[in-house]
Amino acid sequence: MHVYPWREAEITLTAERDYPNPYTDVDVWADFTHDSGVTLRRPAFWDGERTWKIRFASPLAEGRWTWRSAATLEDPGLVGQTGELVCAAGPDTQNRFYRHGFWRMSPGGRNVVHADGRATVVAGDTAWGLPWRATEEQCRIYAADRQAKGFNAALLMTVQPDMHARGPRDRSADEGFDVGFEDLPDGHINQLNPAYFQYLDKLLGILVEHEIVPVLQPVFMGFGWKGLSVAGPVVPPIEYARYCRYLVARYGARPAIYLVGGDGSGYEPQVAAGGEEIEAWDAYHQPAGIHYRPHADNHAHQDEPWLDFQWCQTGHSGEHMPERVADMWRNVPPKAVANGEPTYEHGGKRGRAEGWWQGHEAWSNLCAGGTMGVVYGSGSLWQWALRHDEPGQSKFFLAEGAGWREALDFEGSRYVGMVARILDGLPLADMAPNWEVTLGRRGLLVPGKLLICYAEEGGPMMTFGDDTPRRYRVIDPRSGEIVSEGSLDTPWTHPDLPSEGRRGWIIDEGGGPRVYICCDEFD
């Protein structure tokens, strides 16, 4: 089989006998060995009847891989199967994950970089209900919109988590949803529905095609869809871990982030069990972390090797709270930080967290220490409300007069996606909050390489020291337009200060929000 770097290839194995519950009764995997001696182990996943599949992506640009399968039971169809993959350069592509590789953590663990070292910030959108409510056509509309706005990740509940939710198994019907596990209403996840995940394959494939990384949350632990008793804290940890391994097997040979804990304290036993399982089976070391409820200490498992990031949540009252990420930044050992759930735009009340509120929130969190990235959410979109008056939805989280499609057009989403566009291509790796190289402006510094500052009203900015690169640009974060650019070495006299021209000033007339970027590596 011929394969291309960082592109998923699929191998099918067929068992020679039936099993009472193939999902729980048999573990299957394969070891891939490159001519250079590099070895990767990939778990297989059960895909219905007697079929198991192994998905693999070559992290090396070329060469021959040989593979051999193994299993916990002696079945000749699953054990000792072998094959060969030959990797060579693929056709030209604009997809950044095929050109630069999957995401992993930066050397200092503070943000994400591609496999080739290219740094980025996560710009995540909250589409929790997409996996079990959206159709392929709807997913394509969603992905095209979010890609055009600059988003590169989507937060997803991989299964509908409410044990007491009831509705037709129909994605186009009021209160309808598809079902990943038949026994989830009983607090278990042992009876897997292969058809559900085959459809999810298509939805996640659409996201990846649009350069949007699925952020995979196994089983939610907080509010869930309708607040009807989530299964996450109830499912036995061994079952939770098995499902985490299944997600790695099924979706781990394509771009992914693993959100091991979702909307809980982080100390639920399921979180540690799932995190350890992902660490054991993810050969590509893609990011894994925790998303917290608002009332949490936000540092569970801080010293565990499986944990790469911590995402706080600041609730849905429309308040800016960048101090939450600032506090988390100081935790040790260092982990990547973000606000994974600011107030949803128009959530529960028209005008709440509307428009530029979202842009200010994103840049404030980023510069306060949320250097992994920024996240956006909107009422009616996250739960994939079919229309504004669909029955059975929580009014607190709905946007008045909007279903998911109308919510897709809310103004604030433009500004959050714009963050990733503005910072694309800059040497962002392990940027850190800094108050010492500017006069009272919040900013992020990579000494000698990059300075990023945000000011709500703009205006000229004074810089100090030798750690600040000399070239600068001033950008309007509402449009991405470059307002001015120049050099810190150009003398300038502030009209309101009694001093002659001095160097180190970034010149801007103000009048609106501004992002200041100092970098000698501008394209």
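Look up: the structure comes first, before these words.
Residues numbered from 1 in each chain as written. Predicted model: local features only at pLDDT ≥ 70, side-chain atom pairs only at ≥ 80, totals over all residues. Heavy atoms only, no water.

Explain the pattern of salt bridges here, please?
Opposite charge on two side chains makes pairing possible when the charged atoms of those side chains draw close. One pass over the structure, following the stated rule, counts 34 salt bridges. With a closest N to O distance of 3.5 Å, R245 and D27 form a salt bridge. On the criterion of sequence distance, the pair formed by R245 in helix α6 (residues 237-251) and D27 in the loop between α1 (22-25) and β3 (28-34) is long-range, its members being 218 residues apart. Residue D424 pairs with R96 through a salt bridge whose shortest N-O separation is 3.9 Å. You can see D424 sitting in the loop between α11 (412-423) and β19 (432-433) and its partner R96 sitting in helix α2 (residues 96-100), a full 328 residues away along the chain. Classification of R96 by relative accessible area gives partly exposed; the value is 24%. Sharing partners across several salt bridges, the network here consists of E8, E10, D47, K53, R55, D201, R250 and R254. (Salt bridge = Lys/Arg side-chain N within 4 Å of Asp/Glu carboxyl O. Helix = DSSP H or I, 4+ residues; strand = E, 2+ residues; numbered from the N terminus. Buried < 20%, exposed > 50% of the residue type's maximum accessible area, 1.4 Å probe, protein only.)

Help me understand the sheet that holds strand β8 (residues 103-105), please; the structure alone is not making it clear to me.
To summarise the sheet geometry, strands pair through backbone hydrogen bonds and adopt either a parallel or an antiparallel arrangement. If you walk across this open sheet you meet the 3 strands as β8-β9-β10, and the pairing is antiparallel. Pairing within the sheet leaves two strands with one partner each, and these edge strands are β8 and β10 (119-120). Pairing of strand β9 (residues 112-114) with β10, which is carried by 2 bridges, proceeds in the antiparallel orientation. Bridge assignment links V113 to a residue of β10, and that residue is A119. (Pairing = 2+ DSSP bridges.)

Help me understand the environment of R41, please; the structure alone is not making it clear to me.
Within the fold, R41 resides in strand β4 (residues 39-46). Put simply, R41 and L259 are 218 residues apart on the chain and 22 Å apart in space, counted from C-alpha to C-alpha. Excluding residues that lie within four positions of it along the chain, R41 makes contacts with W29, A30, D31, W281 and A283. A distance of 2.6 Å separates the side chain of R41 from the side chain of D31, its partner in a polar contact. (Contact = heavy atoms within 4.5 Å. Polar contact = N/O pair within 3.5 Å; in protein donor to acceptor, adjacent residues only side chain to side chain.)

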